[in-house]
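# Topology and contacts: notes
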Amino acid sequence: MSLHVCHTTDRRGAELSCVDLVRALRELGVRSKAIALQPGTTENPLDLPVLGTHGRTPLAVAHLRKMTSEHDFVIAHGASTLLATYLSSMGSSTPYVYRMIGDPRFWGAVRFHDLRIGRPLRRAAQVVTLWQGAADAVIELHGVAPERVQVIVNGRDPGAFRPPTPEERHEARARFGLPADGTVVGLLGALRWEKDPLRAVEALRDLPDVHLAIAGDGPLRADVERAAASLGGRVSVLGAITDPQPFHWAIAALLLTSRSEGLPVTEGGLCGVPAVAPDGGGTADLVDEQTGRLVAADSAADVYAEALGAVLADAPARGRSLLERCHASFTTTVAADQWLELFSQLRR
C-alpha cells in the first residue's frame, strides 16, 4: 500500500498529478492513499485528509510518522513535502520516494541547501524526476547515487483532458467571460516571480489581435491587473480556477513566460493546445517546432510575441502533434506502469 503526500489541498500541478497517479494505481489494483500536509488557500479544494495547519509542525510530522508505519511506501510529491517526509521517516523501516516536480538547477541554491534538500534526497529510497536533465542535476548537485535516481513521466489522465468540440470551446469561453470570436491564448500558473506573468502581458503589446487569459493567483496579481488595464480589455485575469480542462478548451495556445518550469504542458497537450514555453526544465521533451515553440529562458517579451505569432499561424497542426506525443508517452497509464516497476524494485 502506498501513501502519497501532497503539500496542500490546492489544485496545483503537483497536487493534481498526485491525485491522478493515485487514481491510476487504484485502477491497477494497488491500494493507494493521498493526503495533504496542510489546508490550501483557494476555493473548491481537493478532497484530501489534512494532517495539520502547517506541514512542518511537530503535530503534522507526528501524524505523518504514524501513517508512514502503516504503509509499504511513502511518496512525497514536490519540494514542500520533502523535509516533513524525511523527518517522519527517521527510525522507520518504510522507504520513502521523493518525486521532484521542478528544476533542481533553479531551486537548489537555497539557504542550508544540504540540510534542507541534499540530506533528505540522499536518505530517500529513490528520487524520481520528470526528465533526464533533472535526474543528472540531482546526482551532480546533491550527491545522490545514480542507481537511486530515475525518470518517470508526468502522466495525466486522457479521460480528464481531451480536445473540445466547437460547442465545448464556445461554452468554455462563455464560462470565463472570454471573447466568443477571435484568438485567445492562455497562461495557467501561480502569479509569482518565477512564473513572470508580467512578461506575458508585455508580449501581448506586439499582438494587437490576440486576447490573453491568465488563470492563477498569487502575490503578483495586483501588478498583473494593473499591467492588463493598459491593454484596453485584451487581458482577462481570471484568478484561481478549479478545473483546468475548460480553460484549455477556451484557448488556442499556451503562453508560458516562466523563469523556471518542470514539465508543464501535458494537460494542454492532451487538449490539443500547442505551447510557447521557455527552454528550461523538461519542456524540450514535449515542445519543439512540431508542437509549439521553445524560447530561450529570460528572453524579452518581443521574442515571446514573435514565437507566439508563429505558433498561432499553424496552431491546429501543432496542437495535433502535441496531442499525439502526449498520448504516446505522457498519460497516467504510462506513468502508473513505471511506478509499479519502481515498487517492485523497492520490494526486491
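These remarks concern the structure in this document. Predicted model, so just to flag it, every value in this text is computed and none were measured.

Turning our eyes to something else, we now look at the overall build of the protein chain. On a plain count of helices and strands, the protein chain comes out with 14 helices and 12 strands. Taken against the 2.2 N^0.38 rule, which gives 20 Å for 348 residues, the C-alpha radius of gyration of the protein chain at 20 Å falls within 12% of a compact globule. Here the protein chain holds 348 residues, and the buried ones make up 53% of them. Partitioning the intrachain contacts of the protein chain with sequence separation of at least 6 by distance along the chain shows that 65% fall at a separation of at least 24. Of the roughly 14700 Å² that the protein chain leaves accessible, carbon and sulfur atoms contribute 51%. Averaging the coordinates of the 36 positive side-chain charges in the protein chain and doing the same for the 40 negative ones gives two points 7 Å apart.

Here we take up the environment of Thr-291. In this structure, Thr-291 sits in the loop between strand S11 (275–278) and strand S12 (292–295). Spatially, the C-alpha atoms of Thr-291 and Glu-324 are 9.7 Å apart, while their sequence positions differ by 33 residues. Residues within four places of Thr-291 in sequence aside, it is in contact with Pro-274, Ala-275, Leu-286, Arg-318, Ser-321, Leu-322 and Arg-325. Only 2.6 Å separates the side chain of Thr-291 from the backbone oxygen of Leu-286, close enough to count as a polar contact.

On to the side chain of Glu-168, then. Counting through the fold element by element, Glu-168 comes out in helix H7 (residues 166–175). Relative accessible area serves as the criterion here: at 17%, Glu-168 is assigned to the buried category. Within the structure, Glu-168 has its side chain in polar contact with the backbone nitrogen of Thr-165 (distance 2.8 Å). Apart from residues lying up to four places away in sequence, Glu-168 is in contact with Arg-162, Pro-163 and Trp-249.

Here helix H2 (residues 58–69) spans 17 Å end to end across 12 residues, near enough to the 16 Å set by a 1.5 Å rise per residue. Along H2, the positions that sit buried rather than exposed are Ala-60, Val-61, Leu-64, Met-67 and Thr-68. Each buried residue of H2 sits inside an arc of 125° when the element is viewed along its axis, so together they form one side. Structural note: H2 exposes Pro-58, Leu-59, Lys-66 and Ser-69 on the side pointing more than 90 degrees away from its buried face. Elements that come into contact with the buried residues of H2 comprise strand S1 (2–6), strand S2 (32–36), strand S3 (73–77) and helix H3 (82–89).

Contact geometry for H2 and H3: axes closest at 8 Å, N-to-C directions at 60°. Comparing their axes, H3 and H2 come out oblique. Between H2 and H3 lies a crossing whose hand is right-handed. Residues Val-61, Leu-64, Arg-65 and Thr-68 of H2 form the contact with H3, whose participating residues are Ala-84, Thr-85, Leu-87 and Ser-88. In terms of residue class, the contact of H2 with H3 is made up of four nonpolar, three polar and one charged.

So, about the packing of aromatic side chains. Using the criterion set out here, one finds three aromatic pairs in the structure. When the ring of Phe-73 is compared with that of Phe-343, the centres are 4.9 Å apart and the planes differ by 5°; the resulting orientation is stacked. Taken together, the positions of Phe-73 in strand S3 and Phe-343 in helix H14 (residues 332–347) put the pair 270 residues apart, joining distant regions of the chain. By the burial criterion, Phe-73 is buried, and Phe-343 matches it. On the basis of an interplanar angle of 80° and a centroid distance of 6.2 Å, the ring pair of Phe-176 and Phe-247 is categorised as edge-to-face. You can see Phe-176 sitting in the loop between H7 and strand S7 (183–188) and its partner Phe-247 sitting in helix H10 (residues 244–250), a full 71 residues away along the chain. The burial state of Phe-176 is the same as that of Phe-247; both residues are buried.

Quick look at the side chain of Thr-266 now. Position of Thr-266 relative to the elements: it lies in helix H11 (residues 266–270). Residues contacting Thr-266, with those up to four places away along its chain left out, are Asn-154, Arg-156, Leu-286, Cys-326 and Phe-330.

Moving on to the state of the cysteines. In this structure the tally under the stated criterion is zero disulfides. In this model Cys-6 remains outside any disulfide bridge; the closest cysteine sulfur is found in Cys-18, 3.1 Å from its own. Cys-271 supplies the cysteine sulfur nearest to Cys-326, a cysteine that is in no disulfide, at a spacing of 9.5 Å.

This part is about the sheet that holds strand S9 (residues 235–239). If you trace the six strands from one edge of the open sheet to the other, you get S9-S8-S7-S10-S11-S12, paired in parallel fashion. Either end of the sheet is taken by a strand with one partner, and the two such strands are S9 and S12. Taking the axes of each pair of neighbouring strands and ignoring which way they run, one obtains an average angle of 25° across the sheet. With two bridges joining them, strand S10 (residues 253–255) and S11 adopt parallel strand pairing. Note that in S11 the partner of Leu-254 across the bridge is Ala-275. Across the face of the sheet, helix H9 (residues 221–229) comes into contact with strand S8 (210–215) and S9 while running at roughly 155° to S9. The strands that helix H12 (residues 301–312) touches are S7, S8, S10, S11 and S12; relative to S12, the one it contacts most, it runs at about 165°.

Rules used in this analysis
- Residues numbered from 1 in each chain as written.
- Predicted model: local features only at pLDDT ≥ 70, side-chain atom pairs only at ≥ 80, totals over all residues.
- Heavy atoms only, no water.
- Helix = DSSP H or I, 4+ residues; strand = E, 2+ residues; numbered from the N terminus.
- Rg over C-alpha atoms; globule rule 2.2 N^0.38 Å.
- Buried < 20%, exposed > 50% of the residue type's maximum accessible area, 1.4 Å probe, protein only.
- Contact = heavy atoms within 4.5 Å.
- Areas by Shrake-Rupley, 256 points an atom, 1.4 Å probe, with all protein chains shown as cover.
- Lys, Arg positive; Asp, Glu negative; His and termini not counted.
- Charge placed at Lys NZ, Arg CZ, Asp CG, Glu CD.
- Polar contact = N/O pair within 3.5 Å; in protein donor to acceptor, adjacent residues only side chain to side chain.
- Expected span 1.5 Å × (residues − 1).
- Arc of directions from axis to C-beta.
- Axes fitted to C-alpha atoms, helices over the stretch in contact; angles between N-to-C directions.
- Parallel < 35°, antiparallel > 145°, perpendicular 65-115°, else oblique.
- Left-handed = near helix turned anticlockwise from the far one by under 90°.
- Nonpolar A, V, L, I, M, F, W, Y, C, P; charged D, E, K, R; others polar.
- Phe/Tyr/Trp six-rings, centres within 6.5 Å; stacked < 30°, edge-to-face > 60°.
- Disulfide = S-S within 2.5 Å.
- Pairing = 2+ DSSP bridges.

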